[in-house]
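Observations on the three-dimensional arrangement
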Amino acid sequence: MSTPFYVSPQQAMADRAEYARKGIARGRSLVVLQYADGIVFVGENPSRALHKFSEIYDRIGFAAAGKYNEYENLRIGGVRYADLRGYTYDRDDVTARGLANVYAQTLGTIFSSQAEKPYEVELVVAEVGDSPENDQIYRLPHDGSIVDEHGSVAVGGNAEQISGYLDQRHRDGMTLAEALKLAVQALSRDTNGTEREIPAERLEVAVLDRTRPQQRKFKRIVGGQLSRLLESGAAAGAASADSEAEAEAETDSGSDEE
Amino acid sequence: MEANTRSTGRLPAAFLTPGSSSFMDFLGEHQPEILPGNRQLPPVQGVIEAPHGTTIVAVTFPGGVVLAGDRRATMGNMIAQRDIEKVFPADEYSAVGIAGTAGLAVEMVKLFQLELEHFEKVEGAQLSLEGKANRLSTMIRSNLGMAMQGLAVVPLFAGYDVDRGRGRIFSYDVTGGRSEERNYATTGSGSVFARGAMKKLFRDDLTEEQATTLVVQALYDAADDDSATGGPDVARRIYPIITVITEDGFRRLGEDEAAELAGSVLQARLEQPDGPRAALL
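Residues numbered from 1 in each chain as written. Chains lettered and ligands numbered in written order. Predicted model: local features only at pLDDT ≥ 70, side-chain atom pairs only at ≥ 80, totals over all residues. Heavy atoms only, no water.

Take the overall build of chain B next. What chain B contains, in helices and strands, is nine helices and 13 strands. In terms of C-alpha radius of gyration, chain B reaches 20 Å, essentially the compact-globule figure of 19 Å for 281 residues. Reported as C-alpha extents along the three principal axes, the dimensions of chain B are approximately 70 × 50 × 35 Å. Counting only residues that meet the buried cut, chain B has 51% of its 281 residues in that class. Pairs at least 24 apart in sequence give 65% of the contacts found in chain B among residues at least 6 apart. As presented, chain B carries roughly 13100 Å² of accessible surface, and 51% of it is formed by carbon and sulfur atoms. The positive charge centre, built from 27 side chains, and the negative charge centre, built from 38, are 3 Å apart in chain B. (Helix = DSSP H or I, 4+ residues; strand = E, 2+ residues; numbered from the N terminus. Rg over C-alpha atoms; globule rule 2.2 N^0.38 Å. Buried < 20%, exposed > 50% of the residue type's maximum accessible area, 1.4 Å probe, protein only. Contact = heavy atoms within 4.5 Å. Areas by Shrake-Rupley, 256 points an atom, 1.4 Å probe, with all protein chains shown as cover. Lys, Arg positive; Asp, Glu negative; His and termini not counted. Charge placed at Lys NZ, Arg CZ, Asp CG, Glu CD.)

Counting residues in each nonpolar core, the largest one holds 61 residues, and the members touching the most others are Ile56, Tyr103 and Leu123 of chain A together with Phe157 of chain B. The biggest single contributor to this core is helix H4 (residues 102–123) of chain B, with nine residues. For Leu123 of chain A, the residues in contact, after removing those within four places along its chain, are Phe62, Ala63, Ala64, Tyr71, Leu74, Tyr103, Leu107, Tyr138, Arg139, Leu140 and Val155 of chain A. (Core = buried A, V, L, I, M, F, W, Y, C linked by side-chain atoms within 4.5 Å.)

Residues and elements named next belong to chain B. As recorded in UniProt, the feature "active site" (unreviewed entry) lies at Thr54. Positionally, Thr54 belongs in the loop between strand E1 (52–53) and strand E2 (56–61). Setting aside residues no more than four positions away along its own chain, Thr54 makes contact with Asp70, Arg72, Thr74, Lys86, Ala99, Thr187, Gly188, Ser189, Ala228 and Thr229. Of the polar contacts made by the side chain of Thr54, one reaches the side chain of Lys86; its length is 3.2 Å. (UniProt positions renumbered as here; feature names shortened; annotations may be inferred. Polar contact = N/O pair within 3.5 Å; in protein donor to acceptor, adjacent residues only side chain to side chain.)

Residues and elements named next belong to chain A. Evaluated as defined, the whole model comprises 10 aromatic pairs over all chains. Look at Tyr68 and Tyr71: their rings are 5.4 Å apart centre to centre, the planes differ by 75 degrees, and that puts the pair in the edge-to-face class. Remark: Tyr71 and Tyr68 occur in helix H2 (residues 68–88); sequence separation between them is three residues, near one turn of the helix. Since its relative accessible area comes to 30%, Tyr68 is described here as partly exposed. Residue class for Tyr71 comes out buried when judged on its relative accessible area of 4%. (Phe/Tyr/Trp six-rings, centres within 6.5 Å; stacked < 30°, edge-to-face > 60°.)

All names here are of chain B. Following the criterion strictly, the structure yields three cavities of 30 Å³ or more and no others. In this model, the second largest cavity occupies a volume close to 40 Å³. The wall of the second largest cavity is formed by Arg71, Tyr239, Pro240, Ile241, Ile242, Arg252, Leu253, Gly254, Glu255 and Ala258. Residue assignment for the lining of the second largest cavity shows that the elements contributing at least two residues are strand E12 (241–246) and helix H9 (255–271). Across the lining of the second largest cavity, the residue classes tally to six nonpolar, one polar and three charged. (1 Å grid on protein atoms, 1.4 Å probe; cavity = no way out; pocket = protein on both sides within 12 Å on 5 of 7 lines; lining within 4 Å. Points joined across faces, edges and corners; volume = space filled by probe spheres on them. Nonpolar A, V, L, I, M, F, W, Y, C, P; charged D, E, K, R; others polar.)

All names here are of chain A. Spanning 18 residues, helix H1 (residues 9–26) covers 26 Å between terminal C-alpha atoms, matching the ideal 26 Å at 1.5 Å per step. Residues of H1 that are buried include every one of Ala12, Arg16, Ala17, Ala20, Gly23 and Ile24, and no others. Here the buried residues of H1 occupy an arc of 130 degrees about the axis, which is enough to place them on one side. In H1, the exposed residues that point more than 90 degrees away from the buried face are Gln10, Lys22 and Arg26. Close packing links the buried residues of H1 with strand E4 (60–66), helix H3 (96–112) and strand E5 (121–127). (Expected span 1.5 Å × (residues − 1). Arc of directions from axis to C-beta.)

What follows is about the confidence of the model for chain B. Residues and elements named next belong to chain B. For chain B, per-residue confidence averages 92 on the pLDDT scale, and 97% of positions sit at 70 or higher. A low-confidence stretch, residues 1–6 stays under pLDDT 50, and its non-local contacts, those more than four residues away or across chains, total 13 contacts. Confidence metrics for the complex model read pTM 0.89 and ipTM 0.88. (pLDDT = per-residue confidence, 0-100.)

This part takes up the packing of H2 of chain A against H4 of chain B. H4 of chain B packs onto H2 of chain A with a crossing angle of 165 degrees between their chain directions and a minimal axis gap of 11 Å. One way to sum up the angle between H2 of chain A and H4 of chain B is to call them roughly antiparallel. By crossing handedness, the relation of H2 of chain A to H4 of chain B is classed as right-handed. The segment H2 of chain A lies against H4 of chain B, with Glu72, Arg75, Ile76, Val79, Arg80, Asp83 and Tyr87 of chain A engaging Glu107, Lys110, Leu111, Leu114, Glu117, His118, Lys121 and Val122 of chain B. (Axes fitted to C-alpha atoms, helices over the stretch in contact; angles between N-to-C directions. Parallel < 35°, antiparallel > 145°, perpendicular 65-115°, else oblique. Left-handed = near helix turned anticlockwise from the far one by under 90°.)

What follows deals with the packing of helix H8 (residues 208–225) of chain B against H9 of chain B. All names here are of chain B. Taken N-terminus to C-terminus, the directions of H8 and H9 make an angle of 55 degrees; their axes are 10 Å apart at the nearest point. In terms of orientation, H8 and H9 fall into the oblique class. Crossing geometry of H8 relative to H9 is assigned as right-handed. Residues Thr212, Thr213, Val216, Gln217, Tyr220 and Asp221 of H8 form the contact with H9, whose own contacting residues are Leu261, Ala262, Val265, Leu266 and Arg269. Among the residues making up the contact of H8 with H9, the classes are represented as six nonpolar, three polar and two charged.

Before going further, it helps to spend a moment on the pattern of salt bridges. In total, this model carries 38 salt bridges over all chains according to the counting rule given. Residue Glu72 of chain A pairs with Arg75 of chain A through a salt bridge whose shortest N-O separation is 2.9 Å. Residue Glu72 of chain A and its partner Arg75 of chain A are located together in helix H2, separated by three residues, close to a single helical turn. In this structure, Glu72 of chain A and Arg75 of chain A share a single accessibility class: buried. Through salt bridges that share partners, Glu130, Asp161, Arg164, Arg168, Arg178 and Glu180 of chain B make up one connected network. (Salt bridge = Lys/Arg side-chain N within 4 Å of Asp/Glu carboxyl O.)

Below, the discussion takes up the sheet that holds strand E1 (residues 30–35) of chain A. Within a sheet, neighbouring strands are paired by backbone hydrogen bonds and run either parallel or antiparallel to one another. All names here are of chain A. Across the sheet, five strands lie side by side as E8-E1-E2-E9-E10; this open sheet has antiparallel pairing. For this open sheet the edge positions go to strand E8 (152–155) and strand E10 (218–221), each flanked by a neighbour on one side alone. With strand direction ignored, the average angle separating the axes of adjacent strands in the sheet is 20 degrees. Where E1 meets E8, four bridges bridge the pair, whose relative direction is antiparallel. Residue Leu30 lies in a different strand from E8, and its bridge partner there is Val155. Most of the contacts of helix H4 (residues 159–169) go to E8, to which it runs at about 165 degrees, and overall it touches E1 and E8. (Pairing = 2+ DSSP bridges.)

And the structure:
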């Protein structure tokens, strides 16, 4: 009978973390930003059907980087959790904090269980509040820790560099067009600092818009609305925060409900 | 589930098991006891007394469909509630109006709304209108045990069929039998009278405004002859709930709009108590 080699717990955990991080790094990064009227999710995604962002509940959105089948599983688990909780109690009792805790426990248990391989995912759970101060953004790395974020957050392989870029430039009260422009700029920068162009059709954009009259605040931004926003964001940037362009960008985003 | 989630902290295995996009199927496997259809009812002598909702009417017009209901709930010969809401949005493009045992019906609507929303979130696409109508059928069927004891729920489902570009109405019986109605439909205790009124007033080329007036006329006639249906309550400012579903989605008429419609119908009835006259030939 062979005796298994002894591996120290530290080493085992470090190996698992490295495995998960490498998996996550293979996918593209995505960013989540607060803007004046809510929270915007921006990522590069060549697929129209397989989403990185989705609605969990009335005010709660979900974003994920990493392995699709694993985060899709977590996403559906989250929808089930939220719907069951809302059905059992009340719609107001479903919160991003509660959901983030459940995700953290789930990821943490999987990460430290020797029987399972660690999930190669990094999640963001965001809830839009009545005002920007009440917005909540939680980042959930692969190991089950929770990070409470403000302003902007990036997840995925290139997250650290993008975060740094966003931290310097993001400010409170940006319009949607400005936030979108900043997000795209951050995502277009490669690790070595060179910039590349991300065409609009490769962008996946969604918002949690607190001004939406519907109870469900999640909305995908696609097609014409997305290109108009990108244009007005660029125009606003060129005129260095020309206030008229900002106002126009806002009416654009407001009037184009599906 | 809740206790379970709290004790271990992580999502139970059932939550992460790939499977159906239906919330009811998920509940059925994970926590069957909270599904209304699985509730055990003790043997009861006679009929259980509970508030009942009464009349719901629906009419199609080119471009959409109108669904409306009166506001009265009755328990035996008593008025249980004067301002009950019996018409609800099911999702962006459909609505459901309920007659029958109010408590069970409202619960059924809540679960139905959730069922549609859950599917939409999981699949990233909406069910077809036909699919929604069938889902409601299943839910009524699961209530058959209660219906046999007098706790029936008989909804009317109306929606805008995005694929076909028109409004459609589905009616149900207590066993879950579903039938698509042409032009107009009614359900509930005052339905026979409302139906008569709609039959005489319906035309193929109604505008949205005419269609909303038509449903108020029909509800007025139902309230006129059925004691369980409430007419517009001018003193308390309680007016019928009127909803319109078109290509632009679900819209419930505001209090002012409903008051104005009910007001003009009431005014005309002061002159002509039986309402508009149809030609004999």
